[in-house]
Amino acid sequence: MEEALEGNLELKEIQRLEGHSDRVWSLAWNPVAGAAGVPAMLASSSGDKTVRVWQQSGRDWDCVAVLDEPHTRTVRSSAWSPCGKLLATVSFDATAAIWKHAGGDFDCVSTLEGHENEVKSVSWNASGSLLATCSRDKSVWIWEVLPGNEFECVSVLQGHTQDVKMVQWHPFLDILFSCSYDNTVKVWAEDIDSDDWHCVQTLGESNNGHSSTVWALSFNSAGDEMVTCSDDLTLKIWKSEIQKQQVGDGYAPWKHLCTLSGYHDRTIFSVHWSRDGIIASGAADDAIRLFVENKDGQVDGPSSPSYKLLLKKEKAHDMDVNSVQWSSKETRLLASASDDGAIKIWKLESIS
Amino acid sequence: MEPNQCPNQPIYSDSDFLGPTVDLDETHIQEGYRDGFNDALQSKNQEERESGLKLGFQVGEELGFYRGCIDVWNSALEIDPNCLSSRVKKNIKLMGELIDEYPVLDAKIVDVMDQLRLKFKMISASLGLKLEYDGYPKSSEEQGLDF
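Every value quoted in this text rests on a predicted model; they were computed, and no experiment measured them.

Secondary structure assignment for chain A yields 1 helix and 28 strands. Expected size for 352 residues packed as a compact globule is a radius of gyration near 20 Å; at 19 Å, chain A falls within 12% of this value. By principal-axis analysis of the C-alpha atoms, chain A measures approximately 55 × 50 × 35 Å. The burial tally for chain A puts 59% of its 352 residues in the buried class. Summarising the internal contacts of chain A: among those between residues at least 6 apart in sequence, 50% fall at separations of at least 24. Accessible surface, chain A as shown: approximately 14300 Å² in total, 43% of it carbon and sulfur. One finds the centroid of the 31 positive side-chain charges in chain A at a distance of 5 Å from the centroid of its 51 negative side-chain charges.

Given below as structure tokens:
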């Protein structure tokens, strides 16, 4: 049962995970670990060319694996498959690696090549049948997962005019979102009668979009709202009538709902929407901020929501916060990663 | 090709036979313009021919490379039709069609070449091939054939 977000709350530091010898770029919680007796598991990607896998053990966290092959440059991002058994890692060396996790061991079972330069992000779709990657080469690649850990390129999506920073599949529909240095978010979907994918919508300045690099995006648990963060110092909330799309009414476009400005004074690198509706942001001012929808005095009705700052954790790290990720299993548990090489685990709780 | 008339050329009526002599400086301007125009036209033709040859070679070489790859892949498929997945087979077929229908006499060729390069990248990636055509610019760099 979720507690109301009232009273004085604090983000309490539970653990500091050290081990990486360079900045930590990104974090990924294993989606099946952390419940039913399976200890929580977290993967971190670093400029030291490795991925570390951390596992909770009682109150502590241990590093249970260091994946130091095959990447020859910074590992920029990683993502677990929905079943939790595969981990995809992507690197500045222009490749993606697929790891199989079985009985505590990690084996590299496949390497995907194709991008021309630094790969920035990777994402699995909801069913684990498709993988998406994006790169500084401005393209987004979609791969199909075949039996025997084979991967086949389904489509190379071109449309962004600059470095693509992140890709993220919709939480339950096979629609892909990408955001870029070109200030836009693009939405990609498969053609009805062919294997081809194309851009169905671009969220740019003309649709109240960002005016600078869009670094990340995240969906709410219902999948009908999305938050984006940018170098323009704002967070933007977008909405789609996704229920219509689900019943086959055709593509439901995303529309700007509101902009959260004035809360950040440095670039916002990461944003993540928790299952219980809290938006966490990580920024270049070393701080973590939490936002929730402002439900007080909602006179105007649900059509004009507003958000309020729940909490600002200054000096969360010693340097830029590159990634914030809520655990999908344990409520109010947040992990953050920084240029300072550290990873921190936080718990949002009432001040005792 | 007739040289263009120098702009602002005065017009003399038939009875004014002294007109061009009186306007001698104007006559010289006309001659100079005509000679300059003809010279420029000749050198432009030469430049255009050279550009055309260069471009034609580049396009031909790249098309030939893709044709060669497709021929090898099709040969493999003749030996074992199931050695490649249906998606890869479809892309090879589409690539072959793009080459067969390539508009060699059309200057607006960049689109088709881009499609070919894309299909080639997809097929190579799926086959795990580290095969690259050395000639073409990467999409991360500025596009465009210089001509």
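Bringing the UniProt feature "domain: Essential protein Yae1 N-terminal" (unreviewed entry) in chain B into the picture now. Here the UniProt-annotated "domain: Essential protein Yae1 N-terminal" (unreviewed entry) positions come out as residues 32-70 of chain B. What you have in residues 32-70 of chain B is 100% helix and 0% strand, and the ends, taken at the C-alpha atoms, are 56 Å apart.

Bringing the UniProt feature "repeat: WD" (unreviewed entry) in chain A into the picture now. Residue and element names in this part refer to chain A. The sites that UniProt annotates as "repeat: WD" (unreviewed entry) are residues 17-55, 68-100, 112-145, 157-188, 207-239 and 314-352. For residues 68-100, the helix share is 0%, the strand share is 55%, and the end-to-end C-alpha distance is 14 Å. Secondary structure within residues 112-145 divides into 0% helix and 62% strand; the distance between the first and last C-alpha atoms comes to 11 Å.

Another aspect to go through is the sheet that holds strand β19 (residues 225-230) of chain A. All names here are of chain A. Read from one edge to the other, the open sheet built from 4 strands follows the order β18-β19-β20-β21, with strand pairing classed as antiparallel. Either end of the sheet is taken by a strand with one partner, and the two such strands are β18 (214-219) and β21 (254-260). Going from strand to strand, the sheet's axes swing by 25° on average, the running direction of each strand aside. Bridge analysis of β18 against β19 gives 5 bridges, and the strand direction is antiparallel. Each bridged residue has a counterpart across the sheet, and for V214 the counterpart in β19 is S230.

Note: strands within a sheet are paired through backbone hydrogen bonds, in either parallel or antiparallel orientation. All names here are of chain A. Taken in spatial order, the 4 strands of this open sheet run β6-β7-β8-β9, and their pairing is antiparallel. On the outer flanks of this sheet lie β6 (75-80) and β9 (105-113), each paired with one strand and no other. Sheet twist, expressed as the mean angle between neighbouring strand axes with direction ignored, is 25°. In terms of strand pairing, strand β8 (residues 95-102) meets β9 through 8 bridges, oriented antiparallel. Following the sheet pairing, W99 is matched in β9 by C108.

Let us look at the confidence of the model for chain B. All names here are of chain B. On average, residues of chain B score 80 in pLDDT, and 82% of them are at 70 or above. Low pLDDT, under 50, characterises residues 142-147; the predicted model gives this stretch 8 contacts beyond four residues in sequence or across chains. Model confidence for the complex: the whole-complex pTM is 0.86, and ipTM, which rates the interface, is 0.79.

All names here are of chain B. Side chains of F17, L18 and V22 sit close together on the surface and give an oily, nonpolar patch of about 370 Å² of accessible area. With respect to the helices and strands, V22 occurs in helix α1 (residues 19-22). The exposure class of V22 is exposed, given its relative accessible area of 63%.

A separate point is the pattern of salt bridges. Residues and elements named next belong to chain A. This model, assessed by the stated rule, comprises 25 salt bridges over all chains. With a closest N to O distance of 2.8 Å, K244 and E241 form a salt bridge. Residue E241 is classed as partly exposed on the basis of its relative accessible area of 41%. One salt bridge connects D285 with R289, and the closest N-O pair in it is separated by 2.7 Å.

Thresholds, definitions, all that
- The residue numbers shown here count from 1 along each chain, following its written sequence.
- Naming scheme: in the order in which they are written, chains are lettered from A and ligands are numbered from 1.
- Selection of residues for local features in this predicted model requires a pLDDT of at least 70, selection of side-chain atom pairs for listing and counting requires 80 or more, and totals for whole chains, interfaces and linings are taken over all residues.
- The side-chain values count all of the structure's non-hydrogen atoms but skip hydrogen atoms and water molecules.
- The helix count covers DSSP runs of H or I at least four residues long, the strand count covers runs of E at least two residues long, and both are numbered beginning at the N terminus.
- Using C-alpha atoms as the atom set, the radius of gyration is obtained and then compared with a globule rule of 2.2 Å times the number of residues to the power 0.38.
- Relative accessibility under 20% of the residue-type maximum defines a buried residue, over 50% an exposed one, and the middle range a partly exposed one, all with a 1.4 Å probe and only protein chains included.
- The contact rule is simple, with two residues in contact once any of their heavy atoms fall within 4.5 Å.
- Note that accessible areas follow from Shrake-Rupley with a 1.4 Å probe, and for residues the cover is restricted to the protein chains shown.
- His is not counted, nor are the chain ends; Lys and Arg add positive charge and Asp and Glu add negative charge.
- By convention, the point assigned to a charge is CZ for Arg, NZ for Lys, CD for Glu and CG for Asp.
- UniProt positions are given in the numbering used here, feature names are shortened, and annotations may be inferred rather than shown by experiment.
- Between any two strands, pairing holds if DSSP finds at least two bridges.
- A fitted line through C-alpha atoms serves as each axis, taken over the contacting stretch for helices, and the angle formed by two N-to-C directions is quoted from 0 to 180°.
- Per-residue confidence from the predictor is reported as pLDDT, a score between 0 and 100.
- Within the patch definition used here, like charges are joined within 9 Å and nonpolar side chains (Val, Leu, Ile, Met, Phe, Trp, Tyr) within 5 Å, considering only residues with over 30% relative accessible area and no salt bridge.
- The term salt bridge refers to a pairing of a side-chain nitrogen on Lys or Arg with a carboxyl oxygen on Asp or Glu at a separation within 4 Å.

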